[in-house]
Amino acid sequence: MLHRKVIVMAEAILFVTSILICSVSVYMARSSMRNAIWQRMLDISNCAAASVDGDYLGSLTADEVGSKEYNDLYKKLAVFRDNVELKYIYSLKRSGDGFIFTMDTDPIDPASFGDTAENTEALESAASGTAAVDKVPYTDQWGKFYSAYSPVLDSSGNVVGIIAVDFASDWFDEQLSAQTVSTVRYYIVILICALLVAAILLMLIVRPFMKMHGKLYEEKVSAESANRAKSDFLANMSHEIRTPINAMLGMNEMILRESRRALDEQTDDADLQKHTLKNIVMYSSDVENAGHNLLAIINDILDFSKIEAGRLDLVEQPYRITGLLSSLSSMISLKARDKKLNFFIDVDESLPDELCGDEVRVRQIFTNILNNAVKYTDQGEVTMSLKGEHGDNGMITLVASIKDTGIGIRQEDMEKLFGKFERFDMERNSTVEGTGLGLAITQKLIDMMGGSIGVESEYGKGSTFTVTIPQKIALDVSAQDFMAVAEATTGEEKRRLFTAPSAHILVVDDTRVNLTVISYLLKDTLMMVDTASNGAEAVEMAAKTKYDVIIMDQRMPEMDGTQALHNIRSSNGESKDTPIICFTADAVVGARERYLEEGFSDYITKPVSGYALEEMLLRHLPAAKVDN
Ligand code: ADP
C-alpha cells in the first residue's frame, strides 16, 4: 500500500508543479505575443508612413479631396488596408489641441477630411516624431481598437502628418487567446507524457523498493504484535498455571498438617480419626481437581501449538458413541452438580452406535463446549441434544446442540469468539479459569473434520452452540441406553486392569516423588518394581537383572534416558532386549515420533494416571506373566 501512496504523491507533486510552470509560461507567452503584435503594427504603420510624400500630405487641404494626387496617395494606403491584417489605415494631422482626419481609406464608412480623431498617448508621441502603439484599447464610433501611429516628415524634416493603422481589439485578443490555447495544449501533452513516464519509472524503480520496505514494515508490525500476544499469553498463562498450583500446594499443606496432627495426637477416638481422614480425602480431591485443571491448561497450549505448526493430525478409528457420551456425561454431571445446575443429554435413539473417526478429538470438542456451558452458567441448566443426519457413502453428520442458561455473550464479542486468547466479560468472569484457547482449538478441530460450529446467544439469558461433525458409520446399530454404558465404563476405568506377581519392572526417574507415585499406582498389580534415579544406575541394574519392562525418564543428571537406552541396547546385559518405554514431560509437537525413532518401544507423558500406565504395561509385559 505504501508504494501506491508514494507513487500517487509523486504524481500529484509533478502535476501541481506542471500546472504552476504552465501558468508562468502562459503569462510569458502572452506578453511576448503582445510585444510581437505591437512591433508588427508599428512595422506596418512605419512602412505606410515611409511610402507617403510628406510635402504633399503636409499641404493637403479639404479642396484637394478627389484630385488625382489625392487618389494616388489614397491607392498607396489602400494597398496596406487590403493586404495585411489591419482594419483601417488613414492619415491625421494636428489641429489645435487635437487631431483631424486628412484621408481615410475605409471604403464603407470613411471619416471625412477634418473629422476629429480620438486622441491617445501613442498619437501624441507620433505627433512629436516617435512612432508608437496604443498599450490599451480605445473606443470610437467605428469600434474598439489598438492603433499604431507613425509620423510623416516633409523634406525639411518636420512632422506634417501621421499615418495611423487600426487593429480591432477583438482580433488582438484572439491572437493572444490562440497563443494561450496553443501553449496550454502543448503543456497538457507534455504533462501527460511526463506523468506517464514518471508513473512508469516509479513503478519500475520505486515500487519494488517501497514494496520491500512495506513488507519489512508489515513484518515489523506483525512481529511486534506477535510479541505482544506472546507476552500477554505468558502473563495470562503464568496466572492460569499459578492458580491450580496454588490450590495444590495449599491443599497439600492442609493434608500435611492434618496428618502430622493425627500422628502427634495418636488418638484412639474413632470419630476423630474418621473426621481427620474425611478432611484428608477432601483436600486430596481438591489437589486432584487442581492437577486436572493444570493438565487441561497445558494440553490446550500443546494442542494450540500443534495447530499453529500445522502438525495436528486426526487419527481415525472405530469407536462407540455410547462410550464417548457416557464418559462425557459422568464428567459434566459432576461439574454441573458442584454448581447446582441441572444437566441433561438427549440422544436420538436411532443414532448408530459404532462410528469411525477421531474419538479423542470428538470428545474434546464436546467437552470444551460443555465445560464452557457449565463454567459460564451460575443457575439453571445445561442441555445437550445429539442427533444424526444420514448422508451418502455410509456417512452420518452428528448434530449437537448445547444450550445453557448462563451469562450469554454480547453481540459485539460474537465475531471474536473463536479467536485465540479471546476472553470476554472479564469483570464477571474474573474468577472463572480459562485460557481463551478452548473455542479456537474446538473450531480448528471441527474445520479439520469438515464440520461447522455456530452460536446463538442472548446476553444475560444464555447461549446455544450448534456443532455438526461428519463421521463414518462403522456399524449401524443404534446407540440406545448410553447411561447404562456410562456406569459400566466409569467402573471399568477405576478397576485395576491386571495383576502380574511374577513380572519385574524397572522405573527410572531422578525425581523421588515420581518414583513413589509410580510405585504406588502399580501397587495393586503386585509386580516387583525396582527404581533407579539416573541413566547410569539404570544401565548398571539392567545389565544384572532381566526386567520385563523398563520405564525410562528422559532428563536426568549424569546420563539422560536416550543415552541409557542406547547403552542398554548395545550392551550384553540381561535386559538388552527388554521393552523400554519413554516416560517424559516432553509432550510438544513431534516428541513422540522423535523418541520412537531413537528406539524406545513406546511413549507415555507425565502426568500419568494409574489406568493409562497399566494399559501401557499390558501391551508390553509377557502375556504369560499377566493374570487378569
Ligand atoms: P476459556 O478458556 O476462557 O473458556 P474459550 O475459548 O473456551 O476460552 O472461550 C472464550 C470465551 O468465550 C470465554 O472466555 C467466554 O468469555 C466466552 N464463552 C465461551 N463459551 C461461553 C458460554 N457458553 N457462555 C458465555 N460465554 C462463553
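Computed from a predicted model, the values in this text were never measured in an experiment.

This paragraph deals with the packing of helix α7 (residues 321-338) against helix α8 (residues 359-375). Contact pair α7 / α8: the axes reach a minimum separation of 10 Å and the direction vectors enclose 20°. Classified by the angle their axes make, α7 and α8 are roughly parallel. The way α7 lies across α8 gives a crossing that is right-handed. Here α7 contributes Leu324, Ser327, Leu328, Met331, Ile332, Lys335 and Ala336 to the contact with α8, which in turn contributes Glu359, Val362, Arg363, Phe366, Thr367, Leu370, Asn371 and Val374. Class assignment for the residues of the contact of α7 with α8 results in nine nonpolar, three polar and three charged.

Our focus in this paragraph is the site of the ligand. Close to the ligand lie 21 residues; Asn372, Tyr376, Arg423, Thr435 and Leu439 are nearest. Within the side chain of Lys375, one N or O atom sits 2.9 Å away from an oxygen atom of the ligand. Phe424 has a polar backbone atom sitting 3.1 Å from an oxygen atom of the ligand. Within the complex, 97% of the 530 Å² of free accessible area of the ligand lies under protein. Counting only elements with at least two residues in the shell around the ligand, the list comes to α8, α11 (438-448) and β13 (462-478). The element that contributes the greatest number of residues to the shell around the ligand is α8, accounting for three residues. Taken together, the residues of the shell around the ligand break down into nine nonpolar, eight polar and four charged.

Turning our eyes to something else, we now look at the pairing of strand β5 (residues 143-153). Judged by how many residues are buried, β5 sits mostly within the fold: eight of eleven residues are covered. Both strand β3 (residues 132-133) and β5 contribute to a ladder of two bridges, which runs antiparallel. Bridging from a neighbouring strand, Val133 pairs with Ala148 of β5. In this structure, strand β4 (residues 138-140) lies alongside β5, joined through three bridges in antiparallel fashion. Looking across to β5, one finds that Tyr138 is bridged to Phe145. Between β4 and β5, which pair antiparallel and follow one another directly, the connecting turn spans two residues. Across nine bridges, β5 lies against strand β6 (residues 159-168) in antiparallel orientation. Each residue of the ladder has a partner; that of Tyr146, found in β6, is Phe167.

With respect to the helices and strands, the residue Asp140 is situated in strand β4. Within the local environment of Asp140, its side chain forms a polar contact with the backbone nitrogen of Trp142, the two atoms lying 2.9 Å apart.

Attention shifts here to a negative patch on the surface. Taken together, Asp313, Asp560, Glu593, Glu597 and Glu598 make up a surface patch of like negative charges. Residue placement: Glu597 occurs in helix α16 (residues 591-598). Residue Glu597 is classed as exposed on the basis of its relative accessible area, which comes to 69%.

Direction vectors running N to C along α8 and α11 enclose 145°, while the axes themselves pass 10 Å from each other. When the axes of α8 and α11 are compared, the crossing they make is left-handed. Seen from α8, the contacting residues are Arg361, Gln364, Ile365, Asn368, Ile369 and Asn372; seen from α11, they are Gly438, Leu439, Ile441, Thr442, Leu445 and Ile446. Of the residues assigned to the contact of α8 with α11, the class counts are six nonpolar, five polar and one charged.

This next bit is on the pattern of salt bridges. Applying the stated criterion to the full structure yields 19 salt bridges. Residue Lys68 is joined to Asp72 by a salt bridge in which the shortest nitrogen-to-oxygen separation is 3.3 Å. Of this pair, Lys68 and Asp72 both sit in helix α3 (residues 68-83), four residues apart, which is roughly one turn of the helix. Relative accessible area serves as the criterion here: at 35%, Asp72 is assigned to the partly exposed category.

Ile365, Phe366 and Met384 are the most contacted members of the largest nonpolar core, which has 49 residues in total. Counting residues per element, this core draws most heavily on α8, which supplies seven residues. Setting aside anything within four residues of it in sequence, one finds Phe366 in contact with Leu324, Leu328, Met384, Leu386, Ala400, Ile402 and Ile469. Core analysis: the next-biggest nonpolar cluster, separate from the first, contains 30 residues, Met33, Phe80, Ile89 and Ala168 among them.

Together, Arg4, Arg207, Lys211 and Lys215 line one region of the surface with positive charge. Residue contributions to the positive patch peak at three residues, all from helix α5 (residues 169-265). Mapped onto the fold, Arg207 is located in helix α5. Taking the relative accessible area as the measure of exposure, Arg207 reaches 31% and is therefore partly exposed.

With that out of the way, let us pick up the sheet that holds strand β18 (residues 602-605). Sheet strands associate in pairs through backbone hydrogen bonding, adopting either a parallel or an antiparallel arrangement. Read from one edge to the other, the open sheet built from five strands follows the order β15-β14-β16-β17-β18, with strand pairing classed as parallel. A strand with exactly one partner marks an edge of an open sheet, and here the two such strands are β15 (528-532) and β18. Neighbour-to-neighbour, the strand axes of the sheet open up by a mean angle of 20°, direction not taken into account. In the sheet, strand β16 (residues 549-553) pairs with strand β17 (residues 580-584) via four bridges, with the strands oriented parallel. Bridging across to β17, Ile550 finds its partner in Ile580. Where helix α13 (residues 512-521) meets the sheet, it contacts β14 (504-508), β15 and β17, and its direction lies at approximately 175° from that of β15. Running at roughly 150° to β16, helix α15 (residues 561-570) makes contact with β16 and β17 of the sheet.

Residues Val197, Ile200, Leu201, Leu204 and Ile205 make up a contiguous nonpolar surface patch of about 500 Å² in total accessible area. Residue position: Val197 is located in helix α5. The class for Val197 is partly exposed, based on a relative accessible area of 47%.

On to unusual backbone geometry. Phi is positive for Lys340, close to 55°, though the residue is something other than glycine. Here Lys340 is to be found in the loop between α7 and β8 (342-347). Look at Leu526: it is not a glycine, yet its phi comes out positive at around 65°. Classification of Leu526 as exposed rests on a relative accessible area of 52%.

As a further point, take the packing of aromatic side chains. Centre-to-centre distance and the angle between the planes together describe a pair of aromatic rings. Counted according to the given criterion, the structure contains ten aromatic pairs. Considering the side-chain rings of Phe167 and Trp171, the 5.3 Å spacing of their centres and the 35° angle between planes classify their relative orientation as tilted. By the burial criterion, Phe167 is buried, and Trp171 matches it. Consider the rings of Tyr186 and Tyr187, whose centres lie 5.6 Å apart with planes at 85°: the pair is edge-to-face. On the basis of relative accessibility, which here comes to 52%, the residue Tyr186 falls in the exposed class.

Cut-offs and rules
Residues numbered from 1 in each chain as written. Predicted model: local features only at pLDDT ≥ 70, side-chain atom pairs only at ≥ 80, totals over all residues. Heavy atoms only, no water. Axes fitted to C-alpha atoms, helices over the stretch in contact; angles between N-to-C directions. Helix = DSSP H or I, 4+ residues; strand = E, 2+ residues; numbered from the N terminus. Parallel < 35°, antiparallel > 145°, perpendicular 65-115°, else oblique. Left-handed = near helix turned anticlockwise from the far one by under 90°. Contact = heavy atoms within 4.5 Å. Nonpolar A, V, L, I, M, F, W, Y, C, P; charged D, E, K, R; others polar. Near = heavy atom within 4 Å. Polar contact = N/O pair within 3.5 Å; in protein donor to acceptor, adjacent residues only side chain to side chain. Areas by Shrake-Rupley, 256 points an atom, 1.4 Å probe, with all protein chains shown as cover. Buried < 20%, exposed > 50% of the residue type's maximum accessible area, 1.4 Å probe, protein only. Pairing = 2+ DSSP bridges. Patch = residues over 30% accessible without salt bridge, like charges linked within 9 Å, V, L, I, M, F, W, Y side chains within 5 Å. Salt bridge = Lys/Arg side-chain N within 4 Å of Asp/Glu carboxyl O. Lys, Arg positive; Asp, Glu negative; His and termini not counted. Charge placed at Lys NZ, Arg CZ, Asp CG, Glu CD. Core = buried A, V, L, I, M, F, W, Y, C linked by side-chain atoms within 4.5 Å. Phe/Tyr/Trp six-rings, centres within 6.5 Å; stacked < 30°, edge-to-face > 60°.

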